[in-house]
Amino acid sequence: MRLVPIITALLIAAGLTAWILGGGGVAATEVTKLVSAEQTAPPVDVVAYRSEERLIDNALILLGRTEAFRKVEVKSEITGLVVSEPLRAGARVSEGDLLCRIDAGERLVELEEKRAWLLEAEARDVAASQLSERGFTSETAAMTSRASLETARTAVHRAELELERLNITAPFDGLLETDAAELGTLLQPGAACATVISLTPIKLVGFASELQVGRIEVGSRAGARLPDGTEVVGTVSFVSRSADELTRTFRVEITVPNADGSIRDGLTSEILVALDGDKGHLLPHSALTLDDAGRLGVRIAKDNVARFRPVTVLRDTSEGIWVAGLDASADVIVVGQEFVVDGRAISVTLAERSDLP
């Protein structure tokens with residue numbers, strides 16, 4: 001009774017083994033046929049573009065403003081009434097041009113008086129020196145006379161300086177930003193006569209963050225777009241070493257030519273500072289594809305065989321997309337890349353960049 005179930009089990013196992021082995025053989029045969037068919041299939045026609053690696057222009061964008069190259073509030077050093085007609089804001093001035101003239105008052109009289117004292121002190125000094133040499137007076141008296149002479153000379157020099165300071169002049173070529181002091185105005189030391197600015201050249205002032213400032217170098221090319229659309233180009237002339245305590249940003253100055261003075265002080269601007277560029281390939285957007293693992297890349301033609309290459313997107317532009325990750329020169333498939341797999345034989349037609357979609 002026990003022998004029959006054992007025999008039955010053995011017969012069933014033998015049958016299953018034969019069925020599995022028979023099916024496996026068929027599956028192996030089908031795979032072999034598929035591989036053979038793939039290898040013997042005619043090449044797929046594709047269109048490729050020979051791309052060469054290029055340097056990508058790179059720039060750092062800062063927000064800033066224009067600023068006068070020079071701006072000085074010219075002030076009086078003495079007290080007095082303004083006796084000159086005022087120049088009006090916007091007037092062009094050259095270095096040394098008169099801005100304000102202050103009334104001399106009694107200064108001319110004081111100068112003549114001090115000059116007379118100087119002559120008297122010189123005569124006394126000569127007499128004291130002669131008497132001292134002959135022994136008729138002490139050396140101390142001669143030294144006192146010499147000190148009086150030096151005091152008189154100093155007084156004359158100060159009086160002459162007072163007269164020179166009556167005329168307040170422009171310190172450099174530029175424009176008047178304010179009216180000069182009005183006729184009859186009483187100026188005190190430190191009171192403003194006028195404000196002079198120089199817009200030739202002009203500065204672009206931007207503010208870089210802690211992460212940006214280390215990439216900016218003095219001498220780098222830079223430019224800006226002004227509110228009216230005007231584009232200007234210059235060079236970085238200054239990068240601050242100290243951050244602003246409130247904003248924690250660093251001041252960056254760019255010097256820009258402004259021969260005609262058309263660029264005004266205080267305009268907001270978008271500043272672009274040129275940086276060392278990256279290297280990459282400019283490809284049509286349509287060249288990008290995904291592999292079975294979902295990686296972004298392109299398919300290239302290599303020895304008439306399709307190969308997948310993953311890439312990194314550097315920049316997206318209206319002209320195409322900049323990518324990194326390819327060799328210096330690569331035949332990138334731009335038509336037919338979706339119909340081939342890695343290792344598929346292909347027939348390549350090279351196209352010009354201008355012919356690409």
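Engineer: How should I be thinking about the sheet that holds strand 2 (residues 54-55) in this particular structure?
Structural biologist: Sheet strands pair via backbone hydrogen bonds, and the direction of the pair is either parallel or antiparallel. Ordered by their spatial adjacency, 4 strands build an open sheet running 2-15-20-19, and the pairing between neighbours is antiparallel. Of all strands in the sheet, those with a lone pairing partner are strand 2 and strand 19 (312-316), marking the two edges. Sheet topology places strand 2 next to strand 15 (residues 279-283); 2 bridges connect them, and they run antiparallel. Within strand 15, the residue paired with Leu55 across the bridge is Lys279.

Engineer: Even after reading the chapter, I still don't get the pairing of strand 10 (residues 192-208), so can you show me in this structure?
Structural biologist: For strand 10, the buried fraction is high: 13 of the 17 residues fall into the buried class. Both strand 3 (residues 58-75) and strand 10 contribute to a ladder of 11 bridges, which runs antiparallel. Paired with Glu73 across the bridge in strand 10 is Thr195. Where strand 10 lies against strand 13 (residues 250-256), 7 bridges are found, and the strand directions are antiparallel. Along strand 13, the bridge assignment pairs Ala208 with Phe250.

Engineer: Quick question: what am I supposed to make of the environment of Arg221 here?
Structural biologist: With respect to the secondary-structure elements, Arg221 resides in strand 11 (residues 221-225). For Arg221, a relative accessible area of 49% puts it in the partly exposed group. Taking the C-alpha atoms as reference points, Arg221 and Val233, 12 residues apart in sequence, are found 7.5 Å from one another. Look past the residues within four positions of Arg221 in its chain and what remains in contact with it is Val233, Gly234, Thr235, Leu272, Val273 and Ala274.

Calculation criteria
Residues numbered from 1 in each chain as written. Predicted model: local features only at pLDDT ≥ 70, side-chain atom pairs only at ≥ 80, totals over all residues. Heavy atoms only, no water. Pairing = 2+ DSSP bridges. Helix = DSSP H or I, 4+ residues; strand = E, 2+ residues; numbered from the N terminus. Buried < 20%, exposed > 50% of the residue type's maximum accessible area, 1.4 Å probe, protein only. Contact = heavy atoms within 4.5 Å.

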